[in-house]
Amino acid sequence: MGSQIFLITLTIAVISLFTFCPLTFTASLESSSKGVYFNPIFDGSSPDPYIYLHTDGFYYFVLRIGEGITVMKNDRLTDWRNPLETMEVYQTPNGSANLWAPEIHFFDGYFHIYFTMGTGPIPTQRMWVIKALERDTPFTNYTEKIRLLPPTEDYYQIDGTVVQNGDGRWYMLWSGCDRAGIDNPTNLYIAPMSGPTELSGPRVLLRTRTLDWEGTVVEAPQYLWNGDRLIIIFSANAYQNKNYCLGMMYLDNYSTSDPLNVTQWTQNIDHPVFATNEEQGVYGPGHCCLTFSKDYNETWMAYHAMEIPERIEGQPDNRTSRVERLAWGTDRLPIFPIPTGLSIGLETPSGEPDY
């Protein structure tokens, strides 16, 4: 971008950062002062990355490693090979299996970790949360796992995330099925919550698969705010192959709208917003999370992708974690880049230390 200065004016509500208080900023970004990083940001298999920027100015990266959940702390978003602090905070208990996709959030002074886990067969996957026992730190003991299940609806349930805004409304979003005993095809659901550890009402079907590129799977919903617009980014198709990608939907006028009313959502974005780049060897990019530069001037996305078009059955999981910056359009929607290959240097986030 040379010496050009880009003026970005955005109004967002920062989710999981400042107890969901709206944040408005105007920032001038000078790319000439930035460093360079290369994807991936972590060595080895690292599917379903979730990175959260806390009010202390540090990033917290939660990953499934082995059969447990590990939390890492760092002052950089783009390199997690030598984090400042690391701790395994949870191990899959006896009688449980298939721990997937942990997320870390901060509510009411305590860190919460949400994850998927079952009792063996994949259709038994359900959502759980554990809460840190000490305030203001994820590096501590946690409560016993708490089940997050809609009343009377004991169905396949994965990839849950929790949305809270300053108006006090809480919602959980996840991927699931419409009947018991199956794990495919999946839909996106939403349900009200009474707080970060309890659903308070039945689920509502938010999105089904209606487009060819979605295949039989929509999953891993993530949220982003732009003013009073709630934007949902979700993953679609099978994660094992190059067709895995990201889609988008959004709800305008959140403060006066009802997120449980599916007719109020705009869902007619009829193409993936982030998909395979065969030319640079990036296959199946998806299962993202959204975060920010340390100075909150930029919006960033962490995601996983493969270097081969299709995962080979029986071989190690080759999904690796990567990050890229999002821009914003005049339509107040995020503009996704074309995913970048591993040999290409990218500019580090604004405010990130260069060492």
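Residues numbered from 1 in each chain as written. Predicted model: local features only at pLDDT ≥ 70, side-chain atom pairs only at ≥ 80, totals over all residues. Heavy atoms only, no water.

In the annotation of an unreviewed UniProt entry, the protein chain is listed under the name Extracellular exo-alpha-(1->5)-L-arabinofuranosidase and assigned to Orchesella dallaii. The UniProt entry for the protein chain carries the following comment under Sequence similarities (unreviewed entry): "Belongs to the glycosyl hydrolase 43 family." (UniProt positions renumbered as here; feature names shortened; annotations may be inferred.)

(A) Main features of the pattern of salt bridges. Taken as a whole, this structure holds 17 salt bridges when the rule is applied. Of the charged contacts in the structure, one is a salt bridge between arginine 169 and aspartate 167, with a shortest N-O distance of 2.7 Å. A salt bridge links arginine 319 to aspartate 317, with the nearest nitrogen and oxygen atoms 2.5 Å apart. Aspartate 317 shares its class with arginine 319; the two are buried. Via salt bridges that share partners, Asp48, Arg311, Asp317 and Arg319 belong to a single interconnected network. (Salt bridge = Lys/Arg side-chain N within 4 Å of Asp/Glu carboxyl O. Buried < 20%, exposed > 50% of the residue type's maximum accessible area, 1.4 Å probe, protein only.)

(B) Broad picture of the environment of valine 36. Checked against the element boundaries, valine 36 lands in strand β3 (residues 36–37). Looking at valine 36, the relative accessible area reads 52%, which means it is exposed. As a C-alpha pair, valine 36 and glycine 345 span 309 residues in sequence and 5.7 Å in three-dimensional space. Residue contacts for valine 36: discarding those within four places in its chain leaves Gly345, Leu346 and Thr348. (Helix = DSSP H or I, 4+ residues; strand = E, 2+ residues; numbered from the N terminus. Contact = heavy atoms within 4.5 Å.)

(C) Structural detail: the pairing of strand β9 (residues 110–118). In terms of burial, β9 is largely enclosed, as nine of its nine residues are buried. Of the two faces of β9, the one lined by Tyr110, His112, Tyr114, Thr116 and Gly118 and the one lined by Phe111, Ile113, Phe115 and Met117 are each fully buried. Strand direction decides the pairing type here: strand β8 (residues 97–107) and β9, joined by seven bridges, are antiparallel. Residue glutamate 103 lies in a different strand from β9, and its bridge partner there is tyrosine 114. (Pairing = 2+ DSSP bridges.)

(D) The arrangement of the layout of surface pockets in detail. Put simply, the largest pocket is a space of about 440 Å³. Class assignment of the residues belonging to the lining of the largest pocket gives a composition of eight nonpolar, six polar and eight charged. (1 Å grid on protein atoms, 1.4 Å probe; cavity = no way out; pocket = protein on both sides within 12 Å on 5 of 7 lines; lining within 4 Å. Points joined across faces, edges and corners; volume = space filled by probe spheres on them. Nonpolar A, V, L, I, M, F, W, Y, C, P; charged D, E, K, R; others polar.)

(E) Broad picture of the sheet that holds strand β11 (residues 146–147). Spatially, the four strands line up as an open sheet ordered β8-β9-β10-β11, and their pairing is antiparallel. Two strands close off the open sheet at either side, each with one partner strand: β8 and β11.

(F) Local environment of the pairing of strand β21 (residues 283–292). For β21, the tally of buried residues reaches ten of ten residues, placing the bulk of the element in the interior. Bridge count for β21 against strand β22 (residues 299–306) is six bridges, and the pairing is antiparallel. Residue pairing across strands places leucine 290 opposite methionine 301, the latter belonging to β22. Counting the residues in the hairpin turn of β21 and β22 gives six residues, including tyrosine 296, whose phi is positive at 65°.

(G) Expanded view of the packing of aromatic side chains. In the structure shown here, the tally under the stated rule is 15 aromatic pairs. Taken together, the ring pairs in this structure connect Tyr52, Tyr60, Phe106, Phe111 and Phe139 into an aromatic cluster. The residue whose ring lies beneath lysine 73 is phenylalanine 58, and the NZ or CZ to ring-centre distance is 4.3 Å. One Lys or Arg, lysine 145, reaches over the ring of tryptophan 128 and ends 5.1 Å from the middle of that ring. (Phe/Tyr/Trp six-rings, centres within 6.5 Å; stacked < 30°, edge-to-face > 60°. Lys NZ or Arg CZ within 6 Å of the ring centre and 35° of its normal.)

(H) The arrangement of the nonpolar core in detail. Formed by 76 residues in total, the largest nonpolar core has its most connected members in Ile51, Ile113, Phe115, Leu230, Met301 and Phe336. Once residues lying within four places of it in the same chain are set aside, the contact partners of methionine 301 are Leu246, Phe274, Cys288, Cys289, Leu290, Arg322, Val323, Glu324, Leu326 and Phe336. Ranked by size, the runner-up nonpolar core spans 13 residues in total, among them Tyr114, Met127, Trp170 and Met172. (Core = buried A, V, L, I, M, F, W, Y, C linked by side-chain atoms within 4.5 Å.)

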